Amino acid sequence: MIKKRITYIALMLCLTTGLFSCKKNEGDLSKADQKKSQVPDEIIASLKSAGYNTSSVIKRDNGYIVEGDIFLTEADIANSSALRTSKTDQYRTTNIITGLPRVITIAVSSSLGSNFVQATDKAISRYNGIFLGLRFERVTSGAEITINGFYDVSGILGYAGFPTASGNPYNLINLNTYQFGTGSNIDYVATVIQHELGHTIGMRHTDYMDRSYSCGGAYYNEGPSIEGAIKVPNTPAVADPNSFMLSCTPGGNRTFNSYDVFGLNALYPKNSDRRPVLVYYSNQGADHYFGMGGMTTNSYWNFEGITFYAHNSQLPGTVPIYVYYSNQGADHYYTTNGNMNLANYWENQGVAFYAYNYQAPGTIPVYGYYSLQGADHYLMTTRGLDGQSYWNYEGIAFYAFPR
Ligand SMILES: [Zn+2]
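Residues numbered from 1 in each chain as written. Predicted model: local features only at pLDDT ≥ 70, side-chain atom pairs only at ≥ 80, totals over all residues.

1. Describing the overall build of the chain
Step number 1: When its secondary structure is counted, the chain shows 9 helices and 21 strands.
Step number 2: Relative to its full complement of 403 residues, the chain shows a buried share of 41%. (Helix = DSSP H or I, 4+ residues; strand = E, 2+ residues; numbered from the N terminus. Buried ≥ 20, exposed ≤ 12 C-beta atoms within 10 Å, placed from the backbone.)

2. Focus on the sheet that holds strand S20 (residues 376-380)
Step number 1: One open sheet holds the 3 strands; their spatial order is S20-S19-S21, and the pairing between them is antiparallel. Every interior strand has two partners, whereas the edge strands, S20 and strand S21 (392-400), have only one. Sheet twist, expressed as the average angle between the axes of neighbouring strands with direction ignored, equals 25°.
Step number 2: As judged from the 7 bridges shared by strand S19 (residues 364-371) and S21, these two strands associate in the antiparallel manner. (Pairing = 2+ DSSP bridges. Axes fitted to C-alpha atoms, helices over the stretch in contact; angles between N-to-C directions.)

3. Let's talk about helix H7 (residues 186-200)
Step number 1: Given a rise of 1.5 Å per residue, 15 residues ought to cover 21 Å, and the 21 Å separating the end C-alpha atoms of H7 matches this to within 8%.
Step number 2: A large share of H7 lies buried, amounting to 12 of its 15 residues.
Step number 3: Those residues of H7 not exposed but buried are Val189, Ala190, Thr191, Val192, Ile193, Gln194, His195, Glu196, Leu197, Gly198, His199 and Thr200.
Step number 4: Of the residues one or two after H7, Gly202 is the one with positive phi, at around 105°. (Expected span 1.5 Å × (residues − 1).)

4. Considerations on the sheet that holds strand S17 (residues 331-335)
Step number 1: With respect to topology, 3 strands assemble into an open sheet ordered S17-S16-S18, the strand pairing being antiparallel. Strands with a single pairing partner mark the edges of an open sheet, and in this sheet they are S17 and strand S18 (347-355). Taken over all neighbouring pairs, the strand axes of this sheet differ in orientation by 25° on average, direction set aside.
Step number 2: For strand S16 (residues 319-326) and S18, the ladder comprises 6 bridges, and the chain directions are antiparallel. By the bridge assignment for S18, Tyr322 is matched with Val351.

5. Describing unusual backbone geometry
Step number 1: In this structure, the amide linkage connecting Leu100 to the following residue, Pro101, adopts the cis form with an omega of -10°.
Step number 2: Tracing the sequence through the fold places Pro101 in the loop between strand S5 (91-92) and strand S6 (102-108).
Step number 3: The residue Phe131 is not glycine, and still its phi comes out positive at about 55°.
Step number 4: Considering the arrangement of structural elements, one finds Phe131 in the loop between helix H5 (114-128) and strand S7 (134-138).
Step number 5: Look at Ala286: it is not a glycine, yet its phi comes out positive at around 45°.
Step number 6: Its place among the elements puts Ala286 in the loop between strand S13 (275-282) and strand S14 (287-291).

6. Considerations on the packing of H5 against H7
Step number 1: For the pair H5 and H7, interaxial distance at closest approach is 8 Å and the crossing angle is 55°. As far as their axial angle goes, H7 and H5 are oblique. Once H5 is placed against H7, the crossing between them reads as right-handed. Two secondary-structure elements touch here, H5 through Asn115, Phe116, Gln118, Ala119, Thr120, Lys122, Ala123, Arg126 and Tyr127 and H7 through Ile186, Val189, Ala190, Ile193, Gln194 and Leu197. (Parallel < 35°, antiparallel > 145°, perpendicular 65-115°, else oblique. Left-handed = near helix turned anticlockwise from the far one by under 90°. Contact = placed C-beta atoms within 7 Å.)

7. Looking at the confidence of the model for the chain
Step number 1: Of all residues in the chain, 78% have pLDDT values of 70 or greater, and the mean over the chain is 81.
Step number 2: Mean pLDDT values for the elements of the chain range from 31 in helix H1 (residues 5-17) up to 98 in S6.
Step number 3: Low pLDDT, under 50, characterises residues 6-36; the stretch is placed with 22 contacts to residues that sit more than four places away or in other chains.
Step number 4: The low-confidence segment residues 80-89 (pLDDT under 50) makes 28 contacts with residues lying over four places distant or belonging to another chain. (pLDDT = per-residue confidence, 0-100.)

8. Comments concerning the environment of Ala75
Step number 1: Within the secondary structure, Ala75 sits in helix H4 (residues 74-78).
Step number 2: Between the alpha carbons of Ala75 and Gly63 there is a distance of 8.4 Å; along the sequence they are 12 residues apart.

9. A look at the environment of Ser141
Step number 1: Along the chain, Ser141 turns up in the loop between S7 and strand S8 (145-150).
Step number 2: Note on Ser141: 7 C-beta atoms within 10 Å, which makes it exposed.
Step number 3: Along the primary structure Ser141 and Thr105 are separated by 36 residues, whereas in three dimensions their C-alpha atoms are 9.1 Å apart.

10. Some words on the nonpolar core
Step number 1: Counting residues in hydrophobic clusters, the biggest one holds 86 residues, and the most contacted among them are Ile193, Ala310, Ala355 and Ala400.
Step number 2: Not counting residues up to four positions away in its chain, the partners in contact with Ala355 are Ala310, Thr318, Val319, Ile321, Phe398, Tyr399 and Ala400. (Core = buried A, V, L, I, M, F, W, Y, C linked by C-beta atoms within 7 Å.)

11. Some thoughts on the environment of Asn95
Step number 1: Its location among the elements puts Asn95 in the loop between S5 and S6.
Step number 2: The class of Asn95 is buried, set by 20 C-beta atoms lying within 10 Å.
Step number 3: In this structure the C-alpha to C-alpha distance between Asn95 and Gly202, which are 107 residues apart in sequence, comes to 6.7 Å.
Step number 4: Dropping the residues within four chain positions of it, Asn95 is found in contact with Phe162, Pro163, Thr164, Ala165, Gly167 and Gly202.

12. Considerations on H5
Step number 1: Taking 1.5 Å of rise per residue, the 15 residues of H5 would be expected to cover 21 Å, and the 21 Å separating its terminal C-alpha atoms lies within 8% of that figure.
Step number 2: When we look at burial in H5, the residues that qualify are Phe116, Ala119, Thr120, Ala123, Ile124 and Tyr127. Down the axis of H5, the buried set is contained in an arc of 140°. They therefore lie on one face. Opposite the packed face of H5, turned more than 90 degrees from it, sit the exposed residues Ser114 and Ser125.
Step number 3: On the buried face of H5, the contacting elements are S6, S7, S8 and H7. (Arc of directions from axis to C-beta.)

Take a look at the structure:
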């Protein structure tokens, strides 16, 4: 579930300055309290013993919204034997989707209009554009996940649950039409659907350890809770300011950053023996960087997507692809040659990934281009830059797997 950050910021301002009218927020709080009073003491006690923060539990349908964001049925809450603890920017629940490769179908309730359908299609294309072992497809009936609307005068944008113990996605996403109206801000609705879809396939909030990171207000740890919070390997153990799985949003468009792409690929790989090679570009340095890890988006690097897949360890038949860097040209260069030393121009930065120096089954050529003007090396899986005056084609650099 995701909340709108503005609510929290407004509340915080009221508490610290006293200069702003707090009426709206007081109204919200008393409403929350009213809802809380509908929650039986035994539910509160179970949630508490399972490690949840119980300060704002909201009764809805056949279960409860906990920690502003997570939907749990009474059966989930009763099943506290599922309690897992993990102390340690991508966190997943204990249960994840099984049976990869797999297509997951999504339907939009007919009570939501065509804008919500468009937003759903946009969220689906964003997932399918990062080449996971999971693909999403919109259908009109018989879907595994249905997107419904509800109306609630609150800062809640939407909520969803986590995957089932049998490895299927949670079957409902609920969107608050009080927040979205007819859904005319399609990028914004798509962003929220993308986030809720993340929950249905087992993504927790990247800032679950301290929701105030994205929501503002006081420090608030969701805790691992009964669903588990397991760090996805090789993603940052710190909060990530651009992740699609932050608890709160300032509104607007937010899609996957490179850590999200990396984390989702680690969790739901297209091929379990391969890893995506992510490409970044800096227009300040006219420099392309290719690597297997996520990198924080900053003023220097822009994340551009996945170019090809390679190996992160030396499997039989593979060779190391070394990365060289020149600070004179602000240039990264990738080659099978581990002994390049051109008049102190290049610094060998080690092995970037492992690929092939021949066309192994399933691989495709990765072509090298160079721009003298930009002092920039670039890799592509097509010859799409041939004939451009800026780029010179340099030949096949190595062989790797297509997206
Ligand atoms: Zn959420």
